[in-house]
Amino acid sequence: MHNRQIVVISGKTCSGKTGLANLLEREFHFRVVRTRQVLAKLDNPEKFWDDRQTLIARGVTADKATDSKWLLHATQEVLRGLDPDRSIVVDHLSTPAQVAQFRRVFGEDLIHVHLYASNQTLQERYAHTEGQREGAPAYAEIDHLKDEEDIRALKDDADVRIYTTRSDARDTLVRVAARLHLYTPPEIRCVDVLIGGQYGSEGKGNVVSYLAREYDVIVRVGGPNAGHTVASTQGPYTYHHLPSGARDVDSRLLLGPGMTIRLKGLFDEICDCNIGPDRLFIDPQATIIEDEDVEREGAHLVSTIASTGSGSGAATARRILSRGKSNFRMAKDVPALAPYVGTKGNYHGTTADRLEEAYRKGQSILLEGTQGSGLSLFHGTYPYVTSRDTNVAGCLAEAGISPSRVRKILMVIRPMPIRVGDPDGDQGHTSGPLKHDTTFDEIAKRAKLDATALHRAEKTSTTKRKRRVGWFEWEQFRKACALNAPTDIVLTFADYLDASNRNARRFEQLTPDTIKFVEELERVSQAPVSLINTRFPREEDGTEDLRSLIDRRNWMARTHSK
């Protein structure tokens, strides 16, 4: 079964036919049959163009010679070599007889779009384009559709009729695309979201990397203040901008409009991971972090709440305060990002457009959140918070994804939550409260882990600062569940409960106490613990066996044929 649609456009000169056809081609991959090219080739196969008056006369002659079938024949020739699922648009048909010939062949697959506008609008559009040329003929001489009876017949026959005086090309496209059912209905749920449930550093990166092979599209929000370290056969790598696991899969990568970007860091990642413009799409409205933003955070927040000092928060604040000023840059303002963003009028990096394309194709999408629920600007313990809402609603807003698109929400937690170490100095500053403080030495002792290796591993991915650690906070966990309503819980660092969990490859191989902990997590969250991370193979000799996740899911995201 094929989903091909045959669209034919009619209307007077300058009514918007070519603009509509071009957008159907660019936005929805329609194949365009251009009447002007067909007519030019009727005279000379090597020709691709000719003046309008000559072409109009040639079209009248061709109608008489072929019983108005010449354009139908040209369209059928194009269809012979075309993918059976690719739709086609004919720009344009000039007479009711031509439309009738198309209807006899294509029947209900044919959609006739008729565009019309006021005479003043048509004259003004012509004057602003071709009419500016020296010696250009008057509009009446180049208008191919003059017969009032033909105009009425085309209007009456049309499946879609649009008055374009108050509708530009993109407005017209929306109205036509809706009639062609090119937009995906809201009940299509194809987005899975992964977020942190505590204070960050829950191990989200390795989980995303493990899941990434199942998704066609991976979306990242946040900024370089969050680092996600991933182990793979190529060795460990820390992502600050790109989605985790980007170098190990071939998924399409989207950086949403809520991203904050440090240019050098992003370009380093693109180079390290060998990512080309065919895979990476950056929204034109993503925020650029400037040197002044880093300096502002370093002067205050680093020393008081142990901020990463990446400049993400200062850049976000400046975005709000700089409205109406010219000292603010977004991704669209950086020429070096053009391969990934596009240019004005053709922002192929617009996340909403790429997501709509993915919905339409039935592709699977993974949204990677950053940091953790307890660090939310609005729901965390202020002022020990980050500069954004880190919960699922905030991540969706930054990416431009409607909640109705969400299928699964995965919330990652660790048995012992961490915060970054307190700021240096003796001013009594802190990175924020932990309800039940403990030490990594105590955790190592109870779990029979190597304390030295634990201290070496427990440094933040971004600043390399030592972390503080506490015992599990059930109240905070329940609050995160209330804010995010996860469909799945992901437990990481199971070896911190008992070192022997590192050797587990199946759920029943975990220690009895670990299994009890999992069962209680499920009772409190009312969601299954679907993935359990047993260890993080970050050491160079730990990449021989990368099996560190026990997969208990009863679902998976399947990639669409690429």
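In this numbering scheme, every chain counts its residues from 1 along its sequence in written order. In keeping with the model being predicted, local features are shown solely for residues with a pLDDT of at least 70 and side-chain atom pairs are shown and tallied solely at 80 or more, while totals for entire chains, interfaces and linings include all residues. Heavy atoms from the whole structure form the basis of all side-chain values; hydrogens and water molecules are not counted.

Visitor: Looking at this structure, how should I read the pattern of salt bridges?
Guide: Close approach of charged atoms lets side chains of opposite charge pair. The salt bridge definition used is simple: a Lys or Arg side-chain nitrogen within 4 Å of an Asp or Glu carboxyl oxygen. Applying the stated criterion to the full structure yields 26 salt bridges. The salt bridge partner of K204 is E202, with a shortest N-O separation of 2.7 Å. The same class applies to K204 as to E202, namely buried. Here R262 makes a salt bridge to D291, at a shortest N to O gap of 2.8 Å. Here D291 lies in helix 12 (residues 291-305) and R262 lies in the loop between strand 11 (260-261) and helix 11 (263-272), a separation of 29 residues in the sequence. When its relative accessible area of 48% is taken as the criterion, D291 is described as partly exposed. In this scheme, a residue with accessible area under 20% of its type's maximum is buried, one over 50% is exposed, and one in between is partly exposed, where area comes from a 1.4 Å probe on protein chains only. Helix and strand assignments follow DSSP, with helices taken as H or I runs no shorter than four residues and strands as E runs no shorter than two, numbered in order from the N terminus.

Visitor: Looking at this structure, I do not really get the sheet that holds strand 6 (residues 191-196). What am I missing?
Guide: At least two bridges found by DSSP between two strands are what make those strands a pair. Strand order in this open sheet of 9 strands is 12-10-7-14-6-15-19-20-21, and the pairing throughout is mixed. Every other strand in the sheet has two partners, leaving strand 12 (280-282) and strand 21 (549-551) as the edge strands with one partner each. This sheet shows a mean twist of 20 degrees between the axes of neighbouring strands, independent of strand direction. Bridge analysis of strand 6 against strand 15 (residues 406-413) gives 6 bridges, and the strand direction is parallel. In the sheet register, G196 faces strand 15, and the bridge partner there is V412. Between the N-to-C directions of two axes lies an angle of 0 to 180 degrees, each axis being a line fitted to C-alpha atoms and, for a helix, fitted only over the stretch in contact.

Visitor: When you look at the confidence of the model for the protein in this model, what are you seeing that I'm missing?
Guide: When pLDDT is low, close inspection of the predicted coordinates is not appropriate. Per-chain confidence: the protein averages 88 in pLDDT, with 91% of residues scoring 70 or above. pLDDT measures how confident the predictor is about each residue, on a scale from 0 to 100. By definition, residues are in contact when any of their heavy atoms lie within 4.5 Å. Predicted confidence is poor over residues 302-307, with pLDDT under 50, and the contacts of this stretch with residues over four places away or in other chains come to 25 contacts.

Visitor: Even after reading the chapter, I still don't get the side chain of T287, so can you show me in this structure?
Guide: Mapped onto the secondary structure, T287 falls in strand 13 (residues 287-288). Relative accessible area serves as the criterion here: at 3%, T287 is assigned to the buried category. Those residues in contact with T287, other than ones at most four positions away along the chain, are P257, M259, T260, I261, A315, R319, F328 and R329.

Visitor: It is not clear to me how the UniProt feature "binding site: IMP" (unreviewed entry) in the protein should be interpreted in this structure. Could you clarify?
Guide: Per the UniProt annotation, the sites labelled "binding site: IMP" (unreviewed entry) are N225, A226, G227, H228, T308, Q371, T386 and R465. Examined against the element boundaries, Q371 turns out to sit in the loop between strand 14 (365-368) and helix 16 (392-399). Judged by its relative accessible area of 11%, Q371 is buried. UniProt positions are given in the numbering used here, feature names are shortened, and annotations may be inferred rather than shown by experiment.

Visitor: How should I be thinking about the packing of helix 1 (residues 17-28) against helix 9 (residues 169-179) in this particular structure?
Guide: Each pair of packed helices gets described by two things: the angle between the helix axes and the distance between those axes. Close contact between helix 1 and helix 9 brings their axes to 9 Å; oriented N to C, the two are set at 65 degrees. Here helix 9 runs roughly perpendicular to helix 1, going by the angle between their axes. The crossing of helix 1 and helix 9 is right-handed. Residues G19, L20, L23, L24, R26, E27 and F28 of helix 1 form the contact with helix 9, whose own contacting residues are A169, R170, T172, L173, V176 and A177. Note that the term roughly parallel is reserved for angles under 35 degrees, roughly antiparallel for angles over 145, roughly perpendicular for angles of 65 to 115, and oblique for everything else. Note: crossing handedness is left-handed where the near helix turns anticlockwise from the far helix by less than a right angle, and right-handed where it turns clockwise.

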